[in-house]
Amino acid sequence: MDRTFTVEEARALMPELLERADAFVRMRGELAELAHELRTGGTSEAGGLPEVKAYEARLDEILGWFEGQGIEVKGVAPLLLDFPSTLGGVPVRLCWLEGDRDLAWYHRDELGFAGRRPLP
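Residues numbered from 1 in each chain as written. Predicted model: local features only at pLDDT ≥ 70, side-chain atom pairs only at ≥ 80, totals over all residues. Heavy atoms only, no water.

## Quick look at the environment of Thr6
Here's step 1: Its place among the elements puts Thr6 in the segment before helix 1 (7-12).
Here's step 2: A relative accessible area of 36% places Thr6 in the partly exposed class.
Here's step 3: With 80 residues separating them along the chain, Thr6 and Thr86 place their C-alpha atoms 7.4 Å apart. (Helix = DSSP H or I, 4+ residues; strand = E, 2+ residues; numbered from the N terminus. Buried < 20%, exposed > 50% of the residue type's maximum accessible area, 1.4 Å probe, protein only.)

## Here we look at the side chain of His107
Here's step 1: For His107, the position within the fold is in strand 4 (residues 105-108).
Here's step 2: The buried category is assigned to His107, whose relative accessible area is 4%.
Here's step 3: Engagement of the side chain of His107 in a polar contact is seen with the side chain of Asp82, the distance being 3.2 Å.
Here's step 4: Here the side chain of His107 touches Gly112 through a polar contact of 3.5 Å, landing on its backbone oxygen.
Here's step 5: His107 has contacts with Asp82, Val92, Arg93, Cys95, Gly112, Phe113, Gly115 and Arg116, leaving out every residue within four places of it along the chain. (Polar contact = N/O pair within 3.5 Å; in protein donor to acceptor, adjacent residues only side chain to side chain. Contact = heavy atoms within 4.5 Å.)

## A few points about the pairing of strand 4
Every other side chain in a regular strand lies on the same face of the sheet, so the side chains alternate between the two faces.
Here's step 1: Summarising the sheet, strand 3 (residues 90-97) and strand 4 pair through four bridges and their orientation is antiparallel. Bridge pairing links Val92 to Arg108 in strand 4. (Pairing = 2+ DSSP bridges.)

## A closer look at the packing of aromatic side chains
Here's step 1: Under the defined criterion, the tally for this structure stands at two aromatic pairs.
Here's step 2: Centroid distance Phe5 to Phe83: 5.0 Å. Interplanar angle 90 degrees. Geometry classified as edge-to-face. Of this pair, Phe5 sits in the segment before helix 1 while Phe83 is found in strand 2 (residues 79-87), placing the two residues 78 residues apart along the sequence. Neither Phe5 nor Phe83 differs from the other in exposure class; each is buried.
Here's step 3: Taken together, a centroid distance of 5.6 Å and an interplanar angle of 70 degrees make the contact between Trp65 and Phe66 edge-to-face. In this structure, Trp65 and Phe66 share a single accessibility class: buried.
Here's step 4: Sitting above the plane of the Trp65 ring, Arg20 keeps its charged end 4.1 Å from the centroid. (Phe/Tyr/Trp six-rings, centres within 6.5 Å; stacked < 30°, edge-to-face > 60°. Lys NZ or Arg CZ within 6 Å of the ring centre and 35° of its normal.)

Shown next, in the form of structure tokens:
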């Protein structure tokens, strides 16, 4: 889906984004612990391969929701999301990073995360 967001449209998605992002971060951590236990001890009280597959499926489902909204997933650890946009006629990405509770950053398309700046 090729979508360009206004700042207002992107911010309107923040409640749903935060809910899904929080679930993603929690499940990512649980999956990492489960995988570690299975790798190092062979067993885990949290489950086995079926639970690993269930976590992976749910994480993919959450990532699919972001992409279905037109939000670009740039990273998963930490979770990094971009909303295609324009500011002052310049193509930018409104940038959300795991831990942010608001959408307050952007970067020019060609600069990437290194060019991240506060929204005006």
